Structure formats: structure tokens, C-alpha cells
Amino acid sequence: MTKEYVTDERRLLHGGDYNPEQWKDYPEVLEQDIELMKKSGVNTVSVGMFSWASLEPKEGVYDFEWLDQVFDRMNSIGGKVILATPSGARPAWMAKKYPEVLRVDSLRRKQLYGARHNHCYTSPYYRSKTQEINRKLAERYQNHPALLLWHISNEYGGECHCNLCQEAFRGWLKARYDNSLEKINQAWWGPFWSHTITDWNQIESPSPIGENLVHGMNLDWRRFVTDQTIDFYKNEIVPLREVTPDIPITTNFMSDNPEFIPFRGLDYSKFAKEVDVISWDAYPAWHNDYEETYELASKVAFINDSFKSMKQKPWLLMESTPSLVNWHQYNKPKRPNMHYLSSMQMLAHGSDSNLYFQWRKSRGASEKFHGAVVDHDGSAENRVFKEVSQVGATMDELSAKIVGTQRKSEVGLLYDWESDWALEDAQGFGLTTKHYPQTLQKHYQAFWEKDIPVDVITKENTFEDYRLLVVPMLYLMSEETIKRLNNFVANGGTLVSSYITGLVNERDLTYLGGWKKELQEIFGIEPLETDTYYPGDSNQIVYADQTYTVKDYATVIEVKNAEVLARYADDFYAGTAAVTSNEYKKGKAYYIGARANEAFNREFYNQLIEELDLKPLLKVEHNIGVSVQGREEADQTSIVFIMNFTEEKQIVNIIEKAQDSFTGEEVTGEITLQPYEVKVVDKII
Ligand SMILES: [Zn+2]
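Residues numbered from 1 in each chain as written. Predicted model: local features only at pLDDT ≥ 70, side-chain atom pairs only at ≥ 80, totals over all residues. Heavy atoms only, no water.

What about the layout of surface pockets?
Size it by volume and the largest pocket reaches roughly 1,000 Å³. At three residues, helix α2 (residues 52-55) tops the list of elements feeding residues into the lining of the largest pocket. Taken together, the residues that form the lining of the largest pocket break down as 15 nonpolar, 14 polar and nine charged. If one sorts the elements of the lining of the second largest pocket by residue count, strand β16 (residues 525-532) sits on top with five residues. Looking at side-chain class alone, the lining of the second largest pocket contains 20 nonpolar, 12 polar and four charged residues. (1 Å grid on protein atoms, 1.4 Å probe; cavity = no way out; pocket = protein on both sides within 12 Å on 5 of 7 lines; lining within 4 Å. Points joined across faces, edges and corners; volume = space filled by probe spheres on them. Helix = DSSP H or I, 4+ residues; strand = E, 2+ residues; numbered from the N terminus. Nonpolar A, V, L, I, M, F, W, Y, C, P; charged D, E, K, R; others polar.)

Have a look at this one:
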């Protein structure tokens, strides 16, 4: 049973990670913090992520006084506390006394104490100590009016290869394969290279110095790592559910940088089911020198819509930086107005918060130059503090209109962790040009540029919730997924898929006898070969009288019933089908056989948008680089953010009736947006 995290006041949360334990020797700093929070419109802090050594300085000796003060101070200004459990970093005394808590890497090297996020997820001792400290926290703050939400650990990730984890992996496999080595050997293609397993103890997790080429095992290991991490999380929350049954629970998810693709370490589609509210940490490298600002904005929107779609509920931005980070290759500060714009983008895509890492810059160690609301100068007058305050004021004003409102979409774009893992592992195609998540980003962008809301879904979502389902490069497809796609199209849905789709099953074993018959029926074709290009190779396709460039991949297709929409210009398959469409029962299925350029994606999806009459939340004419996104109330009123993600002025034309969300003035017609400017409007019905 999941819980709502909303506060009594139903307000947007503004604030972020606060580390008062680093400033216990500076009481004047702690006093200043409260005044600065009031000035910047901060109403929520997240505390305790890495505080174990401050909470339990010696085994069994606790100190909560400093944390009591944080709760009381926040309460005194009407603020709230998101309380973290401290398992992301353990005290030195624990690692010394109980070395089983330390992680072992894939080279079987036991890690020393240090850094963070390096504990074993299986260790019985670590699990019991975690429950113990979590129970203490819950008992101490269960009745405190400032307690808003539990934040479990921090950015779960990584894997452990210790003996305890090896045993757990074997146990997981026994459950998955009905205790049968025969089944394991079938699933993992055992006789290949004489890798038949004859005793459970022969199974070791993948390692660079051992087994790493049995793809079925690699895939199972990644599934196990997700399950074991979730199991550790579930162990953490036992006392919290018991002592504070009404306080909702989250843990902060991530994206993979610098490409800004979904985080590959854990299958979040499974993890999302276990939290009450999704929260995540967004650190896009704004103003970089390898992509346009709007391209990155589209990638951020993609991840936002992915987290939104996992629960179909508002989510929380748990961490972001008001200026810069300390861990990108180049740590460039946000330009003026970018912080405001990027914060509004989060609200537009379903966030009920803008929370930062961090409130105050550390004085020492690795995060001393990571951006913060309060810099080393302690000033409320610098550029960053002022822009944060502006965000705070706007959020305060918009709270009543936004909190809890939804985003709706008729388009689903499927991302699948297991397929991504399997394709990355596959030895074939272009080893560095597979680009599955990057390809999805490009397909998403074609809709984003036209302001058509897209849900980035997983296999856990219901396909029938959408009119259009976009499923490119779904390399791994179980028979069940094929059946679901078949039903979707048969019942009237429109499906788009592409090259490198439906090649292996959930065990990473190829399908025999050609492309699955069900897929052939849906698409009215059979892919015969996948041609992989060298980076210098290319081809062309002619689609709707225009020529588009093809790179990386081209599928040679045998057409059965489908209509041919584009043909190849070159190579031994010149003149044959490259893009097809097929009427199947009540629906339609498109197959894009080649990796064509962005111009093709734009044209192809524009035609589909027109054909299906897909509509943006508010009709606004604009150039590429402006994004119009927003949220709807149940009574159909909408709040819409018109955002300029370019370095130029943009004239946009608001076609439907709208009014300025702050002044109530009508803003229909042409308006000018300055670089990075955002206009917030209410759609008038
Ligand atoms: Zn372990």
C-alpha cells in the first residue's frame, strides 16, 4: 500500500540537502542558515544522508541532539524535514570491527574503509545495524510535526562480489531455475566452450578475471543485483513502516551522465513499485560544448517523463544544483536565468519540488566546490542565491495551482532495462554504435519539439493506456511482450518499431526459425539481415519525396503484406524496403528498418502526429528549442510553461486562449521570449 507524501499545506517543496553535522563547531553558521532559508523561500531540508558517525559516534552510543535542533529550527519557520537513513556511508569503527560490511569488487578485492556507497547488500550484520539505527530515528522523530518523508539511504548503486553475495546469487538462481542445474545449463547455453555447470558451487558472479561471456548469466547477475538492492531497501524500511506507518518513503534515483540516459545499474521499473513517491537527482551539464541546449533539455524531459510514468503520479526532484557540480569533466556554472528555467522545467514535467544538493557548500573534502545555495561567502547577495530566491518566490506563488496535478499523454515510448543490458552485452553489431537509450532520446525529441506529451514507459505499464506506442530497438522481447504488442495493435493501437528488435528472448537466447511469426504478422514483413556500417559508411532512404541519410544500421526486409514507405538508395539492397506500414486487424504497425537522421524522425513523427491528431496541452507556434509543457487538473484547467532553451530571442505565437499565471492578463498571440526565458500561463477553457 503506497502513501501520499503531500503536506497539510499542499505546497511545492523548495530546499535540499542540509549537512549541519559538518558545522557543529560553527554555531553562528547554523543560526545564519535559518535566516537565509527564510530569505530564499526554502521550506524543506533533507538531513542525515551521511550522518551515521554523528548519530552513533561509538557502537551503541547515540547523539541526536544536533538533529533535534534541526527539526525544531525547521519547525519554527514552518518548514519540513525529509529524514534520510544513514546507510549510504558507515562509520569507520563499524568497518574495522565488522569487515563483512565492506564490499568486494568484481576482481575479488576487498575494499578498505573509505568513500561511501561501498557496503555489501547481503551482510547480515550491516542489515541488522541499519535496521537498528533506522528504528532509533523513527522512534525519536515519529511525533515531530516537521517530519515529512523518509529518504532511504542515498543513490543506491554498485554491486558486491563477496562470499555472502555469491551464496545469495546461487540461492536466487536456485529459486529462478527450480533448483535445476539442467535448466540453468539450457538457459545459459552451457555446452558452449565447455561451460556446463555440474555443481552450484561452480557458479561465480561475472568477473574480468573469470566468467564474463555467458550472456544469460550476465543478465541474471544484473537482475540479481537489482533484486538484492531492493531486498536491502526493504530490510531498511521494516522499522519505519512499523513505527511511522503514516510517513511516506522514497529513495533517490539517478540518471547516467554525461549522456543523460536512464541509470543502467538498477532496473528502476522494479524498484519504483517499492517506493511511495519517486524522487531523483538531476545533474545535466548545461552549456556544454557538444550539444545544443535544447537537445539536453529534451534529454532531461525524457528522464522526467520516465520517472513520471513509473507511478503516473507527481514526483520529487530530490537533488539538483543551483549553479555547478564538482564531478563533471568540466564544472561550468549555470548562466543567468538557466537555474530558474531548468527549475520550471521540472515543475512542468510533474515535479512537486525543486530540492538542491546542497544548501551550504562544505568547507573541506571532496564536495567543497560543489554548487550550493549558500556559498563560502555566506552571502544572500550573490547571483546564485538571488536566482534561488526567485525560484522560491515563484514556487510559493504557483503551489496551489500545481501541487498534485497530473500530466497526461496518448503516446508511450518504451524503455527496457533488461533489453538495454542484453544488447550492450551482445557481441555483434557495432560494439560502440548500439546506442539503444540514445536512440530512444532521439525518437522522444521528435515529439518534444512538437510539444506532444510522451510517457516514457516500461513493460510494467499498460500498453492499452496509449493510442501510439513507440518501441524502437527492443532487442530482447519475451513471448509475453510479443503477445501484448499483438493485442495492442489488434485492438486498434498504432505501433512503431525498428531495426534490432525481437531478436532474443528473456534468457538472451535467439529465436529460431526466423523472426517470430507473431511479429511478422503485426508488421507484415520479415527482417532478413541487419547490416552494420563502419562509422565512415552511409546509405540513403527516400521517404515522402525527401532523401535522408542512414548511418550505423540498415535492415534488409522481405515485404509480406506491408506497404513500403521508404526504400534504400544504395548497396546490394538498393530499391528494397527500408520503412513500412501495415494494417493489422484494427490497428497499424510501422517498421523503421534503418537508423536515419533526425530530419527523418521529425518528418516521420510529424506525419503520425497529424494522422492520429495528437495535440499539445496548449497550441503554440515556435521554432525548435522552445518547449511547451504542463500539467492538468482533474477539472481540465491547465498550467503551461513556455520555455526558451536557446541562446536567442524567440517569438512564439500562442494560438489558443491563455492568461499569465501571475497577473491574469491574457497572453494569446505573439510574444517574445528572451534567451532562457520561461512564460507561465493558464490555458483558458
Ligand atoms: Zn557482499
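Read on for the rest.
What to know about the coordination of the zinc ion
Taken together, Cys120 (SG), Cys160 (SG), Cys162 (SG) and Cys165 (SG) make up the protein donors of the zinc ion, found 2.3 Å from the metal. Of note is the zinc ion, whose four donor atoms meet at the metal with angles of 100 to 117° in an arrangement that counts as tetrahedral. Donor residues for the zinc ion, ordered by position in the chain, follow C-x39-C-x1-C-x2-C. Like Cys165, Cys160 is buried. (Donors = N, O, S within 2.8 Å, 3.2 Å for Na, K, Ca; no water. Tetrahedral: all angles 85-135°; square planar, octahedral: opposite > 155°, others 65-115°. Buried < 20%, exposed > 50% of the residue type's maximum accessible area, 1.4 Å probe, protein only.)

Observations concerning the packing of aromatic side chains
Inspection of every chain in the model, using the stated rule, returns 48 aromatic pairs. Above the ring of Tyr126, the side-chain terminus of Arg90 is found at 5.5 Å from the ring centroid. If you follow Arg360 out to its NZ or CZ, it ends over the ring of Trp23, 5.6 Å from the centre. (Phe/Tyr/Trp six-rings, centres within 6.5 Å; stacked < 30°, edge-to-face > 60°. Lys NZ or Arg CZ within 6 Å of the ring centre and 35° of its normal.)

As for the sheet that holds strand β25 (residues 638-644)
With respect to topology, four strands assemble into an open sheet ordered β24-β25-β29-β27, the strand pairing being antiparallel. A strand with exactly one partner marks an edge of an open sheet, and here the two such strands are β24 (626-632) and β27 (658-660). Ignoring which end each strand starts from, the neighbouring axes of this sheet average 30° apart. Here β25 pairs with strand β29 (residues 678-683) via six bridges, running antiparallel. Counted as the bridge partner of Val640 is Val681 from β29. Lying over the sheet, helix α11 (residues 338-348) contacts β24, β25 and β29, oriented at roughly 145° with respect to β25. Strands in contact with helix α12 (residues 383-402) are β24, β25 and β29; relative to β25, the strand with the most contacts, it is inclined by about 135°. (Pairing = 2+ DSSP bridges. Axes fitted to C-alpha atoms, helices over the stretch in contact; angles between N-to-C directions. Contact = heavy atoms within 4.5 Å.)

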